[in-house]
Amino acid sequence: MKKPIELTVNDELMQVEVEPQTTLLELIRDGLHLTGTKEGCGMGDCGTCIVLVDGKPVNSCLMLAADARGRSVTTIEGLAKGAELHPLQQSFIDQGAVQCGFCSPAMILSAKALLDEDPHPTEETIKRALSGVLCRCGSYKKIIAAVQAASPKES
Amino acid sequence: MKRLKPFAYREPKTLREAIRILVGEGPRAATLAGGTDLLVRMKQGVVTPSLLVNLKRIKGLDRIQRPKAGGLSIGTLSTIAALERSALVAKRYPVLAQAAGFLGSPSIRQLATLGGNVGRSSPAADMVPSLVVLKASVIAEGASGKREIPLDTFFKGPGQNALAPAEIITAIVVPDAAPSSGAAYVRLGRREGMDCALVGVAASLTLDGAGSVAEARLAMASCGPVPLRARGAEAFLSGGGLAEERLREAARLAAGETSPISDMRACADYRREMVEVLAYRALAAAVQTDRKAR
């Protein structure tokens, strides 16, 4: 039976109806047509479904949409400001950190959560923060470089 | 897309209501906390609960606090990420923050709960060995009231525990650590992120005034049907000093007290050898954390 929930997605407050078995991932892709969020394994192993909930990365395939009630969800579509890309998005392009691109939304969102908390992370910290996302192209080196390059410069 | 089959679903607002629903539904009901394990097994069709009782609308179950009587009380819905970040945990029980950092990945830790990690009762549970050496207990509530179950008698087999039907874990409580004591958790996986423990060993050492071991505790993950204690090694360490060869002998004894399985992650012989290596490292690290504390 569908139930209405209220939540914020990419800064927009909305009301949606969800079934108990609807995952946050299904709501985002099938309900809201925000297809930047990917489903890889659907079992919490690959991390490509990662979105930010209240600023922290979660596997949206393992979270019921009902539990997103009252929370703020950020998907990859929510990062750019109009035509201006988020510094991490631009950095991934500049560093060539994208091969097939399937893991990029999750990598970028995981990196955003990290940089929001720790603007100047060590390489080891970056690796730990990204450890929940698999890149089957093996672009890890460039992905790490892209996160380092996107770290705000000391002023 | 991997979908969950439709299920009956409730979001009780109080513990009492949750227990009443569970009693009414019978043994095929399941409680939902973080969902990182249950929802996977539901997608796989391994479990098919008749009713899912989501505990997350019950207020106060995610508190990490120090009760007036001392120690630490960790609400069942506390996430592993919250344990990793808690200043209270870092100050008094750094081994728990350390163990939290091994579980899954940052995004899994954001969802997964301590109550879920204990209640799932997997022999590989990363939080359990550290909780066992810290003498933690499970607080469970059911229709007939509240009770406390020492964690080292809680586990009954892979996925099985001492909870009665319709009983809910509400908190994990840990007593104050002895003044001169240290603890550490060391674990091995196939890779550093996103894998369950191939072997995990937690050690705690409490010293007497003369610098001898007053009490030692060693607990191991993925070494048998339940999280195991190495009681022989603990007894051997008691009353003696901290010389390297004594720690090594204790580690050798601990390896002999395991009954690991062979699976896709490792064979039993390899696991047993790694217990010896890890138990020594955990003991040596426990000595270090004690020295730092003083």
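Residues numbered from 1 in each chain as written. Chains lettered and ligands numbered in written order. Predicted model: local features only at pLDDT ≥ 70, side-chain atom pairs only at ≥ 80, totals over all residues. Heavy atoms only, no water.

**Some details on the pairing of strand β11 (residues 181–188) of chain B**
All names here are of chain B. Spelled out, the test is: The buried label goes to any residue with under 20% of its type's maximum accessible area, the exposed label to any with over 50%, and the partly exposed label to all in between, with areas taken from a 1.4 Å probe on protein chains only. Here a helix means four or more residues in a row that DSSP labels H or I, a strand means two or more in a row labelled E, and each is numbered from the N terminus. At least two DSSP bridges between two strands are required for those strands to pair.
Of all eight residues in β11, seven are buried, a share of seventy percent or more. Note: β11 against strand β12 (residues 199–207), eight bridges, orientation antiparallel. Residue pairing for β12: serine 181 is matched across the bridge by threonine 206.

**Quick notes on the interface of chain A and chain B**
For clarity, the threshold we go by: Should any heavy atoms of two residues lie within 4.5 Å, those residues are considered in contact. Two parts placed together each lose some accessible area under a 1.4 Å probe, and the buried area is that loss summed for both. The salt bridge criterion pairs a side-chain nitrogen of Lys or Arg with a carboxyl oxygen of Asp or Glu, the two atoms within 4 Å. When residues are grouped by polarity, Ala, Val, Leu, Ile, Met, Phe, Trp, Tyr, Cys and Pro land in nonpolar, Asp, Glu, Lys and Arg in charged, and all others, Gly among them, in polar.
Across the contact, 30 residues belong to chain A and 33 residues belong to chain B. Together, the buried faces of chain A and chain B total about 2,700 Å²; carbon and sulfur atoms form 57% of this surface. A salt bridge links B:Glu11 to A:Arg69; its shortest N-O distance comes to 3.5 Å. Taken together, the elements giving at least two residues each to the side of chain A that touches chain B come down to α1 (24–31), β4 (56–59) and α4 (123–129) of chain A. Of the residues assigned to the side of chain A that touches chain B, the class counts are 14 nonpolar, seven polar and nine charged.

**Observations regarding the nonpolar core**
How we decide: Among buried residues, the Ala, Val, Leu, Ile, Met, Phe, Trp, Tyr and Cys ones that are joined through side-chain atoms within 4.5 Å form a nonpolar core.
Ranked by internal contacts, the top residues of the largest apolar core, which has 106 residues, are B:Val118, B:Met127, B:Leu131 and B:Leu151. Excluding residues that lie within four positions of it along the chain, B:Met127 makes contacts with B:Ile80, B:Leu83, B:Leu96, B:Ala99, B:Ala100, B:Leu103, B:Leu114 and B:Asn117. By size, the runner-up hydrophobic cluster in this structure holds 26 residues, among which are A:Leu52, A:Val133, A:Cys135 and A:Val147.

**Some points on the pattern of salt bridges**
All told, the structure shown has 25 salt bridges over all chains when counted by the stated rule. Between A:Asp30 and B:Arg3 there is a salt bridge, with its nearest N and O atoms 2.7 Å apart. In this pair, A:Asp30 sits in helix α1 while B:Arg3 sits in the segment before β1 (8–10), so the two residues belong to two different chains. The partner of B:Asp269 in a salt bridge is B:Arg272, and the shortest N-O contact between them spans 3.2 Å. Linking B:Asp269 with B:Arg272, this pair stays in helix α11 (residues 268–293), spanning three residues, or about one helical turn. Counted as one network, the salt bridges with shared partners bring together B:Asp152, B:Arg217, B:Arg229, B:Arg231 and B:Glu234.

**So, the side chain of B:Lys43**
The cut-off we apply is this: The positive count covers Lys and Arg only, the negative count covers Asp and Glu only, and His and the chain ends enter neither. Any pair of N or O atoms that falls within 3.5 Å is considered a polar contact. Within protein, one atom must be able to donate a hydrogen and the other to accept it, and sequence-neighbouring residues count only if both atoms are side-chain atoms.
With respect to the helices and strands, B:Lys43 occurs in helix α2 (residues 38–44). The side chain of B:Lys43 is buried and forms no salt bridge, while A:Glu39, the nearest opposite charge, is found at 4.7 Å. Here the side chain of B:Lys43 touches A:Gly42 through a polar contact of 2.9 Å, landing on its backbone oxygen. Sequence-distant contacts of B:Lys43, that is, excluding residues within four places in its chain, are made with A:Thr23, A:Gly42, A:Met43, A:Cys61, B:Lys2, B:Arg3 and B:Leu4.

**Details of the domain arrangement of chain A**
Residue and element names in this part refer to chain A. Put simply, the rule reads: The domain boundaries here were taken from an automatic or database domain assignment.
Domains assigned within chain A are domain 1 (3–78) and domain 2 (87–150). The C-alpha-based centres of domain 1 and domain 2 are spaced at 21 Å. Taken together, the contacts link 17 residues of domain 1 with 14 residues of domain 2. Here domain 1 and domain 2 share an interface that buries about 1,200 Å² over both sides, 69% of which is from carbon and sulfur atoms. In this assembly, domain 1 and domain 2 are joined by one salt bridge. Across the salt bridge formed by lysine 56 and glutamate 117, the nearest N and O atoms sit 2.6 Å from each other.

**Observations regarding the sheet that holds strand β2 (residues 29–32) of chain B**
Residue and element names in this part refer to chain B. Formally: Angles shown run from 0 to 180 degrees and are taken between the N-to-C directions of axes, each axis being a line fitted to C-alpha atoms and, for helices, limited to the stretch in contact.
Taken together, the three strands give an open sheet; going across it, the order is β1-β3-β2, and neighbouring strands pair in parallel fashion. Looking at which strands have only one partner, the edges of the open sheet turn out to be β1 and β2. Shown here is a sheet whose adjacent strand axes are inclined to one another by a mean of 25°, direction ignored. With four bridges connecting them, β2 and strand β3 (residues 51–54) associate as parallel partners. Bridge pairing links alanine 30 to leucine 52 in β3. Those strands touched by helix α1 (residues 15–25) are β1, β2 and β3, and its axis lies near 170° from that of β3.

**Looking at the packing of aromatic side chains**
All names here are of chain B. The condition that has to hold: Stacked, tilted and edge-to-face pairs are distinguished by plane angle, under 30 degrees for stacked and over 60 for edge-to-face with tilted covering the rest, among Phe, Tyr and Trp rings (Trp via its six-membered ring) whose centres lie within 6.5 Å. Remark: a charge is flagged as sitting over a ring if the NZ atom of Lys or the CZ atom of Arg is within 6 Å of the ring centre and within 35 degrees of the ring normal.
In this structure the tally under the stated criterion is three aromatic pairs over all chains. Geometrically, the ring pair formed by phenylalanine 7 and tyrosine 9 is tilted, given 6.2 Å between the ring centres and 55° between the ring planes. Classification of tyrosine 9 by relative accessible area gives buried; the value is 15%. Here phenylalanine 154 and phenylalanine 155 contribute two aromatic rings whose centre-to-centre distance is 5.2 Å and whose plane-to-plane angle is 85°, an arrangement assigned as edge-to-face. Given the relative accessible area of 0%, phenylalanine 154 is considered buried. One cation-aromatic arrangement involves arginine 246 over phenylalanine 236; the distance from NZ or CZ to the ring centre is 4.6 Å.

**Some words on the packing of helix α2 (residues 87–94) of chain A against helix α3 (residues 104–117) of chain A**
Residues and elements named next belong to chain A. Definition in use: In these notes the angle categories are as follows: under 35 degrees is roughly parallel, over 145 is roughly antiparallel, 65 to 115 is roughly perpendicular, and the rest is oblique. Two helices cross in a left-handed way if the nearer one is turned anticlockwise from the farther one by less than a right angle. They cross in a right-handed way if the turn is clockwise.
For the pair α2 and α3, interaxial distance at closest approach is 10 Å and the crossing angle is 125°. Considered as vectors, α2 and α3 are oriented oblique to each other. In terms of crossing hand, the pair formed by α2 and α3 is right-handed. Counting all contacts with α2, which are made through Leu88, Gln89 and Phe92, the residues of α3 involved are Met107, Ile108, Ala111, Lys112 and Leu115. Residue composition of the contact of α2 with α3, grouped by class: six nonpolar, one polar and one charged.

**Details of the pairing of strand β1 (residues 3–9) of chain A**
Residue and element names in this part refer to chain A. Where β1 meets strand β2 (residues 12–18), seven bridges bridge the pair, whose relative direction is antiparallel. Bridged to proline 4 within β2 is glutamate 17. Connecting β1 to the antiparallel partner β2 that follows it, the hairpin turn spans two residues, and asparagine 10 within it adopts a positive phi of roughly 50°. Pairing of β1 with strand β5 (residues 72–74) involves two bridges; the strand directions are parallel. Note on β5: the bridge partner recorded for threonine 8 is serine 72.

**Quick word on α1(A)**
Residues A:Leu24, A:Leu25, A:Glu26, A:Leu27 and A:Ile28 constitute the buried set of α1(A). Lining the buried residues of α1(A) we find β1, β2, β3 (50–53) and β5 of chain A.

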